[in-house]
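The chain contents come next:
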Amino acid sequence: MTSSKTIAIIFSDFKNDYTDGYITGIQKQANKYGYRTFTFSMPQTSELYTGSEEWIYSLIDYERYDGVIFVKHSFSVHKNLIPQIEKSLCEHCRCPVVVIGRSSALPNNISLKSRMNFECVVEHLITEHGCRNLYCLGGEKSIADWRIDGFRAVLERHNIPCSEENLLYGGYWISGAEALAKDIAYGTVEKPDAVVCLNDEIAYALIKQLYFAGLRVPEDILVTGFNDSSYASNSAVSITTFTADTPFCGRRAVALLHSLITGAPEEELIQRKHSIITGESCGCGRSHPLNIRARLDELHKNEIANMEFRNSRFEEKLYKVNSIEELSLFIKNHRYLIRDQISVSVNLMGYDDENAECIFLNDFMADGETTVFRAADIYPDIFTFGAVQNVHILPLVFDNNIYGFMAIGYDEPCTYTLHAKQFANRIAIGAEVLKIRQQLKKPETMVSAVPTNFVTHDIDTKKLSATIMVVNNGSITKVPLENILYFESGEKKVFAALKSGKYEIKQRLFELEEMLTEKNFFRISRSVIINMNKTVGYKNGFNRSLLAVLSNKEELLVSRTHGTSFKKKLLEC
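Reading the values: rules and limits
- Residues numbered from 1 in each chain as written.
- Predicted model: local features only at pLDDT ≥ 70, side-chain atom pairs only at ≥ 80, totals over all residues.
- Heavy atoms only, no water.
- Salt bridge = Lys/Arg side-chain N within 4 Å of Asp/Glu carboxyl O.
- Buried < 20%, exposed > 50% of the residue type's maximum accessible area, 1.4 Å probe, protein only.
- Pairing = 2+ DSSP bridges.
- Helix = DSSP H or I, 4+ residues; strand = E, 2+ residues; numbered from the N terminus.
- Contact = heavy atoms within 4.5 Å.
- Axes fitted to C-alpha atoms, helices over the stretch in contact; angles between N-to-C directions.
- Core = buried A, V, L, I, M, F, W, Y, C linked by side-chain atoms within 4.5 Å.
- Parallel < 35°, antiparallel > 145°, perpendicular 65-115°, else oblique.
- Left-handed = near helix turned anticlockwise from the far one by under 90°.
- Expected span 1.5 Å × (residues − 1).
- Bend = angle between axes of the 7 residues up to and from the residue.

Caption draft 1: Geometry of the pattern of salt bridges. The tally for this structure, following the rule as stated, stands at 24 salt bridges. For R147, the salt bridge is made with D145, and the minimal N-O distance between the two is 2.9 Å. The exposure classification of R147 matches that of D145, with both residues buried. Put simply, E316 and R313 hold a salt bridge, and the shortest N to O gap is 2.9 Å. The class of E316 is partly exposed, set by a relative accessible area of 34%. Among the residues examined, R313 registers a relative accessible area of 42% and is labelled partly exposed. Through salt bridges with shared partners, a single ionic network connects D61, R64, R374 and D377.

Caption draft 2: Representation of the sheet that holds strand β8 (residues 194-197). Read from one edge of the open sheet, four strands run β7-β6-β8-β9, paired in parallel fashion. Looking at which strands have only one partner, the edges of the open sheet turn out to be β7 (167-168) and β9 (222-224). Bridge count between strand β6 (residues 134-137) and β7: two bridges; the pairing is parallel. Paired with L137 across the strands is L168, a residue of β7. Contacts from helix α6 (residues 200-212) reach β6, β8 and β9, with the element oriented near 155° to β9.

Caption draft 3: Region of the structure containing the nonpolar core. Within the largest apolar cluster, 58 residues are counted, with the highest numbers of intra-cluster contacts made by I69, I331, V346, L396, M406 and I427. Once you skip the residues sitting within four places of it in the chain, I69 turns out to touch I7, A8, I9, I10, I26, V98, I100, A253, V254 and L257. Formed by 42 residues, the second largest nonpolar core is a distinct cluster that contains C93, C358, V391 and V397.

Caption draft 4: Spotlight on the packing of helix α1 (residues 20-32) against helix α7 (residues 246-262). At a minimum axis separation of 7 Å, α1 and α7 run at an interaxial angle of 40°. On the basis of their axis angle, the class for α1 and α7 is oblique. In this structure, the crossing between α1 and α7 has a hand that is right-handed. Contacts from G21, Y22, T24, G25, I26, Q29 and A30 in α1 reach T246, P247, C249, G250, R251, V254 and A255 in α7.

Caption draft 5: View of helix α3 (residues 114-129). Across its 16 residues, α3 extends 22 Å between first and last C-alpha, which sits within 8% of the 22 Å expected from 1.5 Å per residue. Of all bends in α3, the biggest is about 25°, found at E123. Listed as buried for α3 are N117, F118, E119, V121, V122, E123, H124, L125 and I126. For α3, the secondary structure elements touched by its buried residues are β6, α4 (146-157), β8, β9, β10 (241-242) and β11 (276-277). Where α3 terminates, the next one or two residues include G130, which has phi positive at roughly 70°.

The structure is reproduced here in structure tokens:
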């Protein structure tokens, strides 16, 4: 990989909202100047916390890039990561850096002018609707926010008193909106003329909760949002908002960075007009007609992608993989699920490893072939970029464990989709399943080779205490085998029974029987495998049937064909 004409981009996560425009703007302008972009981001299964996904930023070797763009604006949810990234850039990066956002630690800042744009929304409520009693909803009291400063400034210009009572902080999430709607309905908070929300998501949640509380928007209260997200154009009540020209901001960042790299004058870019977009939430009605054809085309495209993902039986096939070679073949057969890409590589490594093992690189490696390379190079030396202009690097992380990273190459400015996120997340889970499966198949005499995520259960007998993954409310969680009472099949699914309930697992019952032979699990019927460590005895049931009694007092039927061997097994335990 060459360091010539390349830019590294530090981004948070793609959420199909206005922040994604930063990347497409950066890529478009960078490609125009002849730069190839490498975007490091952390696709997350939860927006509220990270599961070590931020590890991906440690892969950036600043020496290999001509410049770096840090999209600080995208880290609004994970502000705790900003000081770490800024410190790394200050201490280790020698190439030019441009920050999209305000940074006291780094120069060359590009601003979206959030304060001025937010002031336009507040001005609209005062001048067009005559509002005098306004609340500003969102943000944290301890965190400076230019939008709140803009709200204060507009009220002062119009000689409207603005105290702390007008500032309803409540965070950057919908919980604050739900609480405010209840307070207004119960009379705890005086009903205002209008509520100015820091983003469209908060505004949408507030409108919904106000209706539940019996208050109408805009008849009883006016509500506005900000940043022109998909929430603003919802089909129930369109929200008055402000269109944020994030692509232009991204283009400006590249123009400045190119000037810093080459010493040439910064190109003057022409910005498209952007302004307040009125909606039904303030009573003006929608000022911008919807592009129905474009929306239908996008919906149709998403429906096809969803259908392909469902019909691929992706998870079912992935969890049957028994070797790295099979995993590589699986990726080859399913990479079509990542739309519009022209290059995919999957690379396995640990947290502290400098080298990665590439197990798949389409069109460059034969089936089952692997190659080791320096992880910071992103691709092995055998790869030639060709038409690839923009690369996205995603971490392979599950349950705080690092398994490597995936690189997706595109020939046009592009952001990866939700399915690419799911692809990376499931590959990490598949790697976890593969590791556990291989460990369970090892003889007990190999206890000295136990990896760090396994612990000894009984030091005297050298038995391993392993884990198995269960599906819980749409997420996948590791559960120690010792906590499982029994496994049961039914309705073409297999479930693990715990004290807290039954949870679906991906293995078949016959696979479990083979895997758990040495783990003191025993089949007592066609549909049940019992944990003998959780079995306290047996009793005779109706019609001379035999019942296994568990530690939680639950009784399970033992089939006649397994009755004798079950009693013998119980005596041995």
